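# Breakdown of the fold
Given next are the chains, with one letter for each unit.
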Amino acid sequence: MSALCDPSGVVGPPGSAPSPKPAAAPPSLSSQELAQEIKAFLSGVDPVHGNKLTIKEHARCAILLLRSLPPARSAVLDHLRGVFDEYVCTYLLELENSEGRPGCVRSQGPNLDDVVQEIQAVLSEFIRMNPKAWAALVSAWSIDLMGQLSSKYAGRHGVPHASSLNELLQLWMSCKATRTLMEIYTQCLSSMISTCPDACVDALLDTSVQHSPHFDWVVAHIGSSFPNTIINRVLSCGLKDFCMHGTASADLLLFPSTAAADKRVPKIASVVGILGHLASRHSESIKQELLRMFHGSLGPARDQQQKATVPFLLQLAVMSPTLLGTISAELVDSLKPGVLNQLHQHFASLPREDLENMVSIVVHLICQTSGGAYRTLQFLINTAMPASVITTPGLAVHDSVREACDRVIQLLLLNLQKLVYNRGSASLAEAPPRAVPFLDELKGHVQELCVETLRLERKRFLWQHQLLVLLSVYCIPSCGSEALFYLLTLAKSQEELSLATQLYAVLSSCMSNLLPTTVKKCVCQIHAGSLSEQQMAQLFQNLALIMQWEDEGPASMGHQLGQAISSYLYDFGQLLLHGNPEVAQAASLMLSVCPMPKAIQPAHLLFLIRSAAHHFFLVLCHKCPTGISYGSRLLCCLSGASPTGSKAILQYLVEGALHPGNAELFGGAAEPPAVGNNAGLEGARVSLLDINRRFMATVNFSGSVWSVFHAGVIGRGLKPPHTPYQREPEEIAHNIQTFLSLLLRCCGAGRCSSEPSQRPVAAVSPEAAKTVAVVLVESICPDVTNSELAWPPEEHTRNTVERDIQIGRCFRDNPLLFQLLNLVAAGRPALCYCSVLLRGLMATLMAHWEASRENDTVSSPWHLQASCALVACMGEGHLLPPVLSNMHEIFDQLAPFEVHLLLLSVWDYMRDNSPLPQKFTFDAGTGLFFRDFSRDNDVGKYLCVLHSVLHKNIDRLGLLSGRFQT
């Protein structure tokens, strides 16, 4: 008994460790008094009076023994647990009775504030005086007691749920008992932080395992108070515990879901939990410590902990997505070639089965990686198969490292494929689809993946193309249309473009509206201005190429793509007016191979026709054969869309050809340059006031009744001569031939003569020819109606001199008009509707020949050519009988007055036989309209002048007289 009660604290029970000395001198108690205190503590009864001790008296008895008899510390500390438990129970009851108001007056149970304060004072003094002996013991006691109290009262009314960490922390820190325990533990950890904090951290880990998640508020508070120490020591203790269990780590790696419940590695879940709480505010410190542990494990010293560090870190990452996201991106960046070679040496001695398990875990972690997923992917691809454009000396890695990365990529794709396609089966069972963080992160890098895929470098593009397929299936429909859009936009060769068709072939089975969605995205990107001009041109060329490649049936990509594009003709038609010729030409190509929809809004159709016509003249002006071909094909396609569209095309083409800005393309007079307003007002900038002041200062008008003022200068002198640009005759002939060929195809005539000098001879639709005739009349004589078909007497020309001169000037300035008249004449009876133009031109020519004093007609080449072309055209249109229409063959052999007389006879015939459509009859055999001239007046009376001219010039025209017999 004397040994047990030795106050020096040196002697303890037999076989026990030496007890720590008391921090301060205990009250001087005799052996008898000490024995009475021990008896009272053990029995709970006052040995003098015999009554039962109260909680406060019993607690003070325990405190006295703790100060006087250190060997009794275990029993005393165990008893003091009840004191703190009583305090917490009373505190929670008061909260319940006061409806959650912690500041209310105590009404139940004894007031233990002074006792708790005494306990804190005694323990704090012990820790301060002898931390080596007391800190570890008291820290384990306080932390375990906080864990017990947290778990015991977790279900009480008024105690927040464990998920409400802030509210729970506020509740327990407002309780004096638990706050005192927290302060005692904090003092213990502070006193040992520079020597050996592992004992305190071990106690924290053990308690966290037993009482989590109700104990999380303690972890959060301590971690925020000592973040660096807790992070470092928690990881260190967790690694030591991980190493102590040998092969258990491998099993846990394969079955991470059982790690928290497995008794062989109890602390790994606690480590994950503590670091998870700290990650929200101290992620940078956690990241640096994890990287330090990783790189430190690759050093030359190969102890057991170094070998287990990487598996330990993998285990942490498997169990905590938060830690995985914290370190993944920076870890990948730190994997330089030297580090990779060290890793290869580090695991080279492991059995094949362990290596396969390790690779499986790495693949699993990559699938769960969100932050830095694209960097991780590029790291694996660049290591397994370096791109030729980034290969640099000194960055070589071991071949085994490349093989390992190759293996990881293949397993990653296989695992992602399982995860993606298993989502579909899960959705059938009405279960929420399982997210794949790796693919969720890659959704924002579709464009980068497409760019890398289109490099077509060895295995790299195959891997990334397969990943695009998985990403598209995973994120239906957004990623599929986005990936296809970028492939169509960025592909610059047929081999690259084939990747888009391959992607569509895979996705078409699970995405029915893939192409419509893709085309809609193209339109949105164009309207948003997200594409450069070069990218837009490339996109249109690729779309046209696919429609030409695979237009082999309703299920082909080309057919489906054409149907999708046809829904946005108006949007794409706007690009025909784009300022960049490449974009406009590519848009023309795409629209020319796109099938026209069965129904299209008239306003959209007219806009598209107008834009196509404008584009045609633009490429014709720029001498672009490819653009001319695309523009012609587009206009031909539009002409077949509807009868209204065909008429509109003819109208815009004829009006465009006759426009002053385009007339010079066909040998017409060029539009004179406009004089700018600024140039015309240069003279107005002169101050007339200053001029008059100077004028009056030099000229003396004194004594005169006149006042002279300078009023300025009218005009700016002679205008500079305008020399229009003259195109080569070959170019003009080619332009005319191109235009007429297009016009004939739009008229349904097939093709025209191959010789530019020859007039078109192919059959023309009468309706189309009538449209051209009406447009010609409206363009040249807007004030004339189509009802003026009758041919007036020759004297009537005196009333229409001004209009006739205008008509003659138009034909002289624009030679294309004669070609257009020939085209109209081929579509009988459409030439009837050009009656006003024919008589106006004939009146002008008759006036010229009548006034001419030349000896022959060759002296007026244009008038001679115009007279021949006019009569021949009227004969082609069956307005004149053959005997009259052939007279143009002798005009070059006659004198001007003789041509005037012959034209006058033609006028008389037209006056008596007006050019009316009703005089034409349809021939079902030939499919053409013709005119039976036998029904008209006797032609012979109109040939008298002709025969007289032939008789006069019989020496030169005798051989031709047979062509003018009725």
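Everything numeric here is computed off the predicted structure, so don't read it as measured data.

Calculation notes
- Starting from 1, residues in each chain are numbered consecutively following that chain's sequence as written.
- Local features in this predicted model are restricted to residues of pLDDT 70 or higher, and side-chain atom pairs are both shown and tallied only at a pLDDT of 80 or more, whereas totals for entire chains, interfaces and linings draw on every residue.
- Only hydrogens and water are set aside; all other atoms, that is, all heavy atoms of the structure, feed into the side-chain values.
- Only DSSP runs of H or I with at least four residues qualify as helices, and only runs of E with at least two residues qualify as strands; both kinds are numbered from the N terminus onward.
- Here's how the labels work: a residue is buried when its accessible area is under 20% of the maximum for its type, exposed when over 50%, partly exposed in between, all with a 1.4 Å probe on protein chains only.
- Whether two residues touch is decided by their heavy atoms; if any such pair falls within 4.5 Å, the residues are in contact.
- Accessible areas in this description were obtained via Shrake-Rupley with a 1.4 Å probe; residue shielding takes into account the shown protein chains only.
- Grid spacing is 1 Å over the protein atoms alone, the probe is 1.4 Å, and a cavity is where that probe fits but cannot get out, while a pocket is an open set with protein on both sides within 12 Å along at least five of seven lines and lining residues have an atom within 4 Å of a point.
- Grid points are joined across faces, edges and corners, and a volume is the space filled by probe spheres set on the points.
- The classification used treats Ala, Val, Leu, Ile, Met, Phe, Trp, Tyr, Cys and Pro as nonpolar, Asp, Glu, Lys and Arg as charged, and all other residues, Gly among them, as polar.
- Here, a salt bridge means any side-chain nitrogen of Lys or Arg that lies within 4 Å of a carboxyl oxygen of Asp or Glu.
- What makes a nonpolar core is a set of buried Ala, Val, Leu, Ile, Met, Phe, Trp, Tyr and Cys residues whose side-chain atoms join them at distances within 4.5 Å.
- A helix's residues, less one, multiplied by 1.5 Å, set its expected span.
- Here an axis means a line fitted to C-alpha atoms, over the contact stretch when the element is a helix, while the angle between two N-to-C directions is reported on a 0 to 180 degree scale.
- By definition in this entry, angles of less than 35 degrees are roughly parallel, angles greater than 145 are roughly antiparallel, angles of 65 to 115 are roughly perpendicular, and the rest are oblique.
- Note on convention: the crossing is left-handed when the near helix lies turned anticlockwise from the far helix by less than a right angle, right-handed when the turn is clockwise.
- A score between 0 and 100, pLDDT records how confident the predictor is in each residue.
- For patch detection, residues must exceed 30% relative accessible area and be free of salt bridges, and they are connected within 9 Å for like charges or within 5 Å for nonpolar side chains (Val, Leu, Ile, Met, Phe, Trp, Tyr).
- Distance and chemistry together define a polar contact, namely a pair of N or O atoms within 3.5 Å, with one atom able to donate a hydrogen and the other to accept it when in protein, and with adjacent residues in sequence counting only for side-chain atoms on both sides.
- For two strands to be treated as a pair, DSSP must find no fewer than two bridges joining them.
- Ring geometry is summarised as follows: Phe, Tyr and Trp rings, the Trp one being its six-membered ring, pair when their centres sit within 6.5 Å, and such pairs are stacked at plane angles under 30 degrees, edge-to-face over 60 and tilted between the two.

## Details of the overall build of the protein chain
Check the secondary structure of the protein chain and you find 44 helices and 2 strands. Taken over 966 residues, the protein chain has a buried fraction of 48%. Summarising the internal contacts of the protein chain: among those between residues at least 6 apart in sequence, 74% fall at separations of at least 24. Of the roughly 46000 Å² of accessible surface on the protein chain, a fraction of 55% belongs to carbon and sulfur atoms.

## Digging into empty space enclosed by the protein
In the structure shown here, the tally under the stated rule is 2 cavities of 30 Å³ or more. Put simply, the largest cavity is a space of about 40 Å³. Lining the largest cavity are Pro792, His796, Thr797, Thr800, Arg803, Asp804, Arg839, Gly840, Ala843 and Trp907. Contributing elements (two or more residues each) for the lining of the largest cavity: helix 37 (801–813) and helix 39 (835–851). Examining the composition of the lining of the largest cavity, we find that 3 residues originate from one element, helix 39, more than from any other. Classifying every residue of the lining of the largest cavity gives 3 nonpolar, 4 polar and 3 charged.

## Description of the layout of surface pockets
Put simply, the largest pocket is a space of about 1300 Å³. Taken together, 38 residues line the largest pocket, and the ones lying closest to its centre are Leu343, Phe347, Met358, Val362 and Val408. If you tally residues by element for the lining of the largest pocket, the top one is helix 16 (residues 352–367), at 8 residues. Among the residues forming the lining of the largest pocket, the class breakdown is 29 nonpolar, 5 polar and 4 charged.

## Things to note about the pattern of salt bridges
Inspection of the entire model under this criterion finds 22 salt bridges. In this structure, the salt-bridge partner of Glu289 is Arg292, at a minimum N-O distance of 2.4 Å. Of this pair, Glu289 and Arg292 both sit in helix 12 (residues 267–296), separated by 3 residues, roughly a single helical turn. Between Arg911 and Asp908 there is a salt bridge, with its nearest N and O atoms 3.5 Å apart. Remark: Asp908 and Arg911 occur in helix 42 (residues 896–912); sequence separation between them is 3 residues, near one turn of the helix. For Asp908, a relative accessible area of 22% gives the class partly exposed. The structure contains a network of salt bridges with shared partners spanning Lys56, Arg60, Asp114 and Glu118.

## Focus on the nonpolar core
Among the nonpolar cores identified, the biggest contains 296 residues, and Phe540, Leu653 and Phe739 are the most heavily contacted of them. By residue number, the principal contributor to this core is helix 12, which donates 12 residues.

## Here's the deal with unusual backbone geometry
Residue Pro829 is reached from Arg828 by a cis peptide bond, and omega for that bond is 10°. Along the polypeptide, Pro829 turns up in the loop between helix 38 (816–826) and helix 39. With a phi angle near 55°, Lys623 is a residue other than glycine that sits in the positive phi range. Topologically, Lys623 is positioned in the loop between helix 29 (602–621) and helix 30 (625–639). Of note, His878 is a non-glycine position whose phi angle comes to about 60°, a positive value. Among the secondary structure elements, His878 is positioned in the loop between helix 40 (861–876) and helix 41 (882–885).

## Some details on helix 21 (residues 458–474)
Along its 17 residues, helix 21 runs 26 Å from first to last C-alpha, staying within 8% of the 24 Å computed at 1.5 Å per residue. Across the 17 residues of helix 21, 13 count as buried, placing the element largely inside the fold.

## Remarks on helix 8 (residues 198–211)
Taking 1.5 Å per residue as the helical rise, helix 8 with its 14 residues ought to reach 20 Å, and the 20 Å between its terminal C-alpha atoms agrees with that figure. The complete set of buried residues in helix 8 reads Asp198, Cys200, Val201, Ala203, Leu204, Leu205, Thr207, Ser208 and His211.

## Some remarks on the packing of helix 3 (residues 73–97) against helix 4 (residues 113–129)
One way to put it is that helix 3 packs onto helix 4 with a least axis distance of 11 Å and a crossing angle of 140°. Put simply, helix 3 runs oblique to helix 4. Helix-helix and strand crossings are classified by hand; for helix 3 and helix 4 the assignment is left-handed. Along the contact surface, helix 3 presents Leu77, Leu80, Val83, Phe84 and Tyr87, while helix 4 presents Asp113, Val115, Val116, Ile119 and Leu123. Tallied by class, the residues present in the contact of helix 3 with helix 4 amount to 9 nonpolar, no polar and 1 charged.

## Considerations on the confidence of the model for the protein chain
Of the residues in the protein chain, 84% have a pLDDT of 70 or more, and the chain-wide mean is 80. Across residues 1–25 the pLDDT falls below 50, and counting only partners more than four positions away or on other chains, this stretch makes 45 contacts in the model.

## Regarding a nonpolar patch on the surface
Residues Phe897, Leu901 and Val945 make up a contiguous nonpolar surface patch of about 230 Å² in total accessible area. On the secondary structure map, Val945 appears in helix 43 (residues 944–952). Assessed through its relative accessible area of 30%, Val945 is described here as partly exposed.

## Topic: the side chain of Ser611
Its location among the elements puts Ser611 in helix 29. The class for Ser611 is buried, based on a relative accessible area of 2%. Polar side-chain contacts of Ser611 include one of 2.9 Å to the backbone oxygen of Phe607. Beyond its immediate chain neighbours, meaning those up to four positions away, Ser611 contacts Gly573, Leu576 and Leu577.

## Section: the pairing of strand 1 (residues 920–923)
Inspection of the sheet shows strand 1 paired to strand 2 (residues 928–931) by 4 bridges, in the antiparallel sense. Bridged to Thr921 within strand 2 is Phe930.

## Things to note about the packing of aromatic side chains
Taken as a whole and assessed by the stated rule, the structure comprises 15 aromatic pairs. On the numbers, 5.8 Å between centres and 75° between planes, the contact of Phe84 with Trp141 is edge-to-face. With Phe84 in helix 3 and Trp141 in helix 5 (residues 131–152), this residue pair connects regions lying 57 residues apart in the sequence. Of the two residues, Phe84 and Trp141, both sit in the buried class. On the basis of an interplanar angle of 90° and a centroid distance of 5.8 Å, the ring pair of Phe540 and Phe572 is categorised as edge-to-face. Of this pair, Phe540 sits in helix 25 (residues 533–549) while Phe572 sits in helix 27 (residues 569–573), and the two are 32 residues apart along the sequence. For Phe572, a relative accessible area of 2% gives the class buried. In this structure an aromatic cluster arises from ring pairing among Phe616, Phe617, Phe666 and Phe739.

## Remarks on the packing of helix 36 (residues 766–780) against helix 38
Direction vectors running N to C along helix 36 and helix 38 enclose 145°, while the axes themselves pass 9 Å from each other. The crossing of helix 36 and helix 38 is left-handed. Contacts from Ala769, Val772, Ala773, Leu776 and Ile780 of helix 36 reach helix 38 at Leu817, Leu820, Leu821, Leu823 and Val824. Of the residues belonging to the contact of helix 36 with helix 38, the class tally is 10 nonpolar, no polar and no charged.

## Some points on the environment of Ser212
Mapped onto the elements, Ser212 comes out in the loop between helix 8 and helix 9 (216–225). Classification of Ser212 by relative accessible area gives partly exposed; the value is 40%. Expressed as a C-alpha distance, the spacing of Ser212 and Gly147, which sit 65 residues apart in the sequence, is 8.3 Å.

## Overview of the environment of Asn953
Considering the arrangement of structural elements, one finds Asn953 in the loop between helix 43 and helix 44 (954–957). On the accessibility criterion, Asn953 (7% relative accessible area) is buried. What Asn953 contacts, discounting residues up to four positions off in sequence, is Leu894, Glu898 and Gly958.

## Some words on the side chain of Gln525
Within the secondary structure, Gln525 is located in helix 24 (residues 514–528). Contact partners of Gln525, with chain neighbours within four places excluded, come to Phe485, Ser530 and Leu531.

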